[in-house]
Amino acid sequence: MRVGELLTAGFLALLSLYLMWKSTELPIGYIAGTGPGGGAWPFWLSAIMLISCICIAINWWRGTSPASQSEDPVLDRHGWKSLIFVGGGIIVFVALISIISMYGAIAVFLFYYIWFLGRHGLILSLAISLITPVALFFFFEGAMQITMPSGLPFTDPVFNFLYEIIY
Amino acid sequence: MNLTKRMLMSMAGAALMFAAPMQAVAQDWQPRKPIDFVIMAGAGGGADQIARFIQAVAEQEDLTTRPLVPNNKGGGSGAEALIHVSTASDPDHTILVTLNSFFTTPLRQQNLGIDIQTFTPVAMMGVDPFVLWVHKDSGITTFEEYVAKVQEMDGEFVMGGTGAGQEDSIVIAYMSGAYDLDIKYIPYDGGGAVAKDLAGQQIMATVNNPAEAKGFYEAGDFVPLLAFSDERMPAYPDVPTIKEMGHDFSYYNQRAIVGAPGMSEEAAAYYQDLFTQVYESEQWQGYLTSESLSPLWMDAAEQRDYWALQVENHQALLAALGE
Amino acid sequence: MDVLLLLADGMLLSLQPLNLVMILLGVTLGLFIGAMPGLGSVNGVAILLPVTFLVPPGSAIIFLAAIYYGAMYGGAVSSITLGIPGASTAVATTFDGRPLAQQGRASLALVTAALASFIGGTVANVLFTLFAPLLASVALSFGPPEVFALMLLAFATFVGLGGDDIPKTVFSICFGLVLGAVGFDQISGAPRLVLFDYNGFLQGIGFLVLAIGVYGIGEMLWTIDQTRGDVTATTPKMTIKGMASDTKEAAKRGWKGTMIGSFLGFFVGVLPAAGATPGSLMSYGVAKMVSRKPEEFGKGSPDGVAAPEAANNSASTGSMLPMLTLGIPGSPTTAILLGGMVIWGLVPGPRLFVDEQEFVWGLIGSFYISNVAALLINLAFIPVFIWMLRMPFTILAPMIFVLSIAGGYAATRDMFDIWLIVLFGLGAFFMRKFDYPLAPAVLAIVLGPIAEPTLRQSLLLSSGDPSIFFTRPVAGPITIIALVLIFLPAIKVVRRMRDERKPAS
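Residues numbered from 1 in each chain as written. Chains lettered and ligands numbered in written order. Predicted model: local features only at pLDDT ≥ 70, side-chain atom pairs only at ≥ 80, totals over all residues.

### Concerning the overall build of chain C
From N to C terminus, chain C includes 21 helices and 2 strands. Radius of gyration (C-alpha) of chain C: 22 Å, near the 23 Å computed for a compact globule of 505 residues. Across its three principal axes, chain C shows a C-alpha extent of roughly 75 × 60 × 50 Å. The buried share of chain C, reckoned over its 505 residues, is 67%. (Helix = DSSP H or I, 4+ residues; strand = E, 2+ residues; numbered from the N terminus. Rg over C-alpha atoms; globule rule 2.2 N^0.38 Å. Buried ≥ 20, exposed ≤ 12 C-beta atoms within 10 Å, placed from the backbone.)

Take a look at the structure:
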């Protein structure tokens, strides 16, 4: 945790510096007669962010924050495993949306999580991961008229059939 | 600076003749899924109201087999909408309701890489004129008094609008140049906010579409001083135009529908037919009259020419603004 | 008395069989739309507009009002049960609603939210009926300097909301404000902070993108990590008796927050630029300030649920006022309604209130009835929401992820924003691990885009002279109160630090 605290602060300080640099594309000063320029607001706020990061680093050095005293690892073995399996699962889920459509990706993700991570029964897992996207389809497309991504063209026949039902 | 509306008006008759054969083509293609009806402005503005009105007419008359789904993408003066439409995965089901930021945004932000000529012309539903308004308590009743007042206040006269490079700022910039006015211009995030602050007298004057100021005008709060149309507007017969004042200038906000780049010909024909029906509907014609829009019907080829002309005009106007 | 007659007419109209069915349908539908992360009353009202051609105009208005109220109640449901604010107005509800749910007291939180919403809505309706034209002129007197002063006040009330680590809280506030500045500079019209020159950032970063990322992904990942993926769900039991005692407790421990929220929320909501989000925040802050047990806030105080819930309902009703009296939308939902009025052939603007009394009072009348219906239906559905919480965590968690991603897409319709949600979620997970409070960032991204333009508009008005915030009759007092509130805690902190240092040296 102790190392992580400093690394996080360092990373956020870099982010603040980047934001400050990016803000300078517009005037950051006080323009006489018109008030602050377009970059002033984000620039000075990013500057405060940077100062906060420095304060966090000082607190780290003084050891006042709980994280800077803790010698526990940021994530233990189980922590890393769950982050990779769950976080990675979400990333794959979102990536799949553009390929097999929102609803297809939902079905795959639910099945993966409930069956593989959650270790529930096969029938229950299948039932939930198939019923949920269908229900969501009728809710979003039918009731709310919000079109979700339908993925690559090969999903078209399925969607054309479903649209035939709801319209 | 004349946007040659009349010339285009005369061509409008020809356009209607094209509409008939189109109908035959249109039968071949039908939308298979909901149509992404992208709006180049946030919810509640003039463009949004028009889009929703069109959607309502299509729904009411049962003109489409799949619904038009309004999708507000107003961010970045319409840049958001232009990017969304030009990168649409399914151009046959993506159409865009435009205003003049269709011309100005790609000009002002070359890095977007948007070439509007790649878009597919669908329909020109009408053009929205601009009018100069003041609050009734200001005591100003004519444009001459307005000019005198602005000059007297010497840089302290406050006007509000929707921002640098936006339609109203172009008009104000032209007017300031023509009459040597020094105006303090406050940018707002939408026409509604501008109208509200004129009603509350936070600002002293605005240039706005009649649709956005109409409620306050009818209540007697706003006084129209000058119209930026080619001819006097039927709803405001006593309001002179800037042309009468001897300046060859008129400015309109376009209310047009365009298709995504890469739309198939069949789909384009379908939408052209669809919006011809909307355009000819009683409701739309009534809307044109009640909201003081001018009709400006054009076929696809004319629309492309109109775009080229507008890009040229706006280039000159923006250059004059110092953009 | 004319007004009361028209109002009674509106109410009676709502009670006709067809319209009553409309109300029940609308409220139920609205409840689920509002409970879905990402969707809110704006979606409900938008889809409904075209439908309103199929029914008589009177029924159409009633249906719209019902959906509107249903969605407002529903917003609290996802805040409490899932911990994801369904809309920016419901962020403050998560502060205490979520802890209550985690303590197995979700039913208390939900009952409190329902009752507070009902009272907030009713107070707003009554104020509306009595003072509409007067309030309209108050709304008009708020120009940019006044709105900025109000935003300062909103900031002042949530300075105390952060954690104990001051630099981290400050970082979080500023981070949210800077994220809110991404996209376009409204004043110069120039692109700003287009991060890594990626065009997707031109549209700015929406509140929902950050909120769903932080709460729907980040907070969930953190919970999974913290509990080793095995949440021993405190199985909340649901009985009639239990609900009755919850009602009693809600009344006892939430009345103060409800009162603050009802009135404060309404007055903030009436101002077109501000809206329900600052209203709910300020109410939460004020409720905490005046509370005798401020330390309970953030850990499951019924007052902390009641204040923002009463406020957002009250403010949403209040935001109808500028629309009906001036024709100016106070929120995206009212903007859509305004468009609807044009379609129905009504002219929005100051004349509407005078010329179309039947429409206006019919609408307000149906607000009263919808509010009652929403309360009853919401209470009836509470067992269903509680049942959802009893699902095994390994089923509930993926459901929450799915709803976050799908709801996020529904709100923004942009895959770029979905990737941002994932990115914010992962970032939030690590920041959460190191005790960075994230609620201030989520709130700042809402307030920043109101505060910055009004600040700069004011300075344009005054030719760069900041005294404009002190010399205007309305802005002046608000600014001064806000500054005092902001600097009081700062002075306290400095004193405390000095005291701490003394014994050390």
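### Points about the overall build of chain B
Within chain B, the regular secondary structure consists of 11 helices and 10 strands. Rg of the C-alpha trace for chain B: 20 Å, near the compact-globule value of 20 Å for 323 residues, within the 12% margin. Seen through its C-alpha atoms, chain B measures out along the principal axes to roughly 65 × 40 × 35 Å. For chain B, buried positions account for 58% of its 323 residues.

### Notes on the interface of chain C and chain A
Listed by partner, the interface residues are 50 residues for chain C and 60 residues for chain A. Contributions of two or more residues to the side of chain C that touches chain A are made by α3 (41–51), α8 (166–180), α9 (207–226), α17 (393–412), α18 (415–433) and α19 (439–461) of chain C. (Contact = placed C-beta atoms within 7 Å.)

### So, the confidence of the model for chain C
Residue and element names in this part refer to chain C. Scored by pLDDT, chain C comes out at a mean of 84, with 93% of its residues at no less than 70. Per-element mean pLDDT across chain C ranges from 74 in α3 up to 93 in α18. Per the prediction output, this complex has pTM 0.87; the corresponding ipTM is 0.93. (pLDDT = per-residue confidence, 0-100.)

### Section: the sheet that holds strand β8 (residues 205–208) of chain B
Residues and elements named next belong to chain B. On the basis of which strands lie adjacent, the open sheet formed by 5 strands has the order β7-β6-β8-β5-β9 and mixed pairing. What marks the edges here is a single partner per strand, and that holds for β7 (183–187) and β9 (222–227). Strand-to-strand, the axes of this sheet are offset by a mean angle of 30°, without reference to chain direction. Pairing of strand β6 (residues 157–161) with β7 involves 5 bridges; the strand directions are parallel. Each residue of the ladder has a partner; that of F157, found in β7, is I183. Helix α8 (residues 210–218) rests against β5 (131–135), β8 and β9 of the sheet, and its axis sits at about 140° to β9. (Pairing = 2+ DSSP bridges. Axes fitted to C-alpha atoms, helices over the stretch in contact; angles between N-to-C directions.)

### Comments concerning the interface of chain C and chain B
Accessible area lost when the parts come together is the quantity often used to give the size of an interface. Across the boundary between the two partners, chain C contributes 42 residues, which contact 42 residues of chain B. If you list the elements that add at least two residues to the side of chain C that touches chain B, you get α3, β1 (183–184), α14 (332–343) and α19 of chain C. Element by element, the count of residues in the side of chain C that touches chain B is highest for α14(C), at 7 residues.

### Considering the packing of helix α6 (residues 106–140) of chain C against helix α16 (residues 357–389) of chain C
Residue and element names in this part refer to chain C. Here α6 crosses α16 at 175°, and the two axes come no closer than 10 Å. One element, α6, and the other, α16, form an angle in the roughly antiparallel class. Listed contacts from α16 to A106, S107, L110, V111, A114, F118, G121, T122, N125, F128 and T129 of α6 are I364, F367, Y368, N371, L375, N378, L379, I382, F385, I386 and L389. When its residues are assigned to classes, the contact of α6 with α16 shows 15 nonpolar, 7 polar and no charged. (Parallel < 35°, antiparallel > 145°, perpendicular 65-115°, else oblique. Nonpolar A, V, L, I, M, F, W, Y, C, P; charged D, E, K, R; others polar.)

### Quick notes on helix α2 (residues 40–62) of chain A
For α2(A), spanning 23 residues, the distance from its first C-alpha to its last is 33 Å, which sits close to the expected 33 Å at 1.5 Å a residue. Listing the buried residues of α2(A) in full gives A:A40, A:W41, A:P42, A:F43, A:L45, A:S46, A:M49, A:L50, A:S52, A:C53 and A:I56. Buried-residue contacts for α2(A) involve α1 (2–23) and β2 (35–36) of chain A together with α8 and α19 of chain C. Immediately beyond the C-terminal end of α2(A), within one or two residues, lies A:G63, with a positive phi of roughly 70°. (Expected span 1.5 Å × (residues − 1).)

### So, the domain arrangement of chain B
All names here are of chain B. Partitioning chain B into domains gives domain 1 (5–128 + 253–320) and domain 2 (131–227). With 15 residues of domain 1 in contact, the opposing surface of domain 2 contributes 13 residues. At the level of elements, α4 (101–108) and α11 (300–321) are the ones that each hand at least two residues to the side of domain 1 that touches domain 2. Here the element with the most residues in the side of domain 1 that touches domain 2 is α11; it accounts for 3 residues. In terms of residue class, the side of domain 1 that touches domain 2 is made up of 3 nonpolar, 9 polar and 3 charged. (Domains from an automatic or database assignment.)

### Some details on the pairing of β5(B)
All names here are of chain B. Within β5, 5 of the 5 residues are buried, which leaves the element mostly enclosed by the surrounding structure. Side-chain alternation along β5 places V131, W133 and H135 on one buried face and L132 and V134 on a second face that is also buried. Pairing of β5 with β8, which is carried by 4 bridges, proceeds in the antiparallel orientation. Paired with L132 across the two strands is V207, which belongs to β8.

### Comments concerning the environment of C:R253
Residues and elements named next belong to chain C. In this fold, R253 is placed in helix α10 (residues 240–270). Since 19 C-beta atoms lie within 10 Å of it, R253 is described here as partly exposed. Sequence spacing of R253 and A306 is 53 residues, and the spatial spacing of their C-alpha atoms is 9.1 Å. Those residues in contact with R253 that sit more than four places away from it in its chain are P302 and D303.

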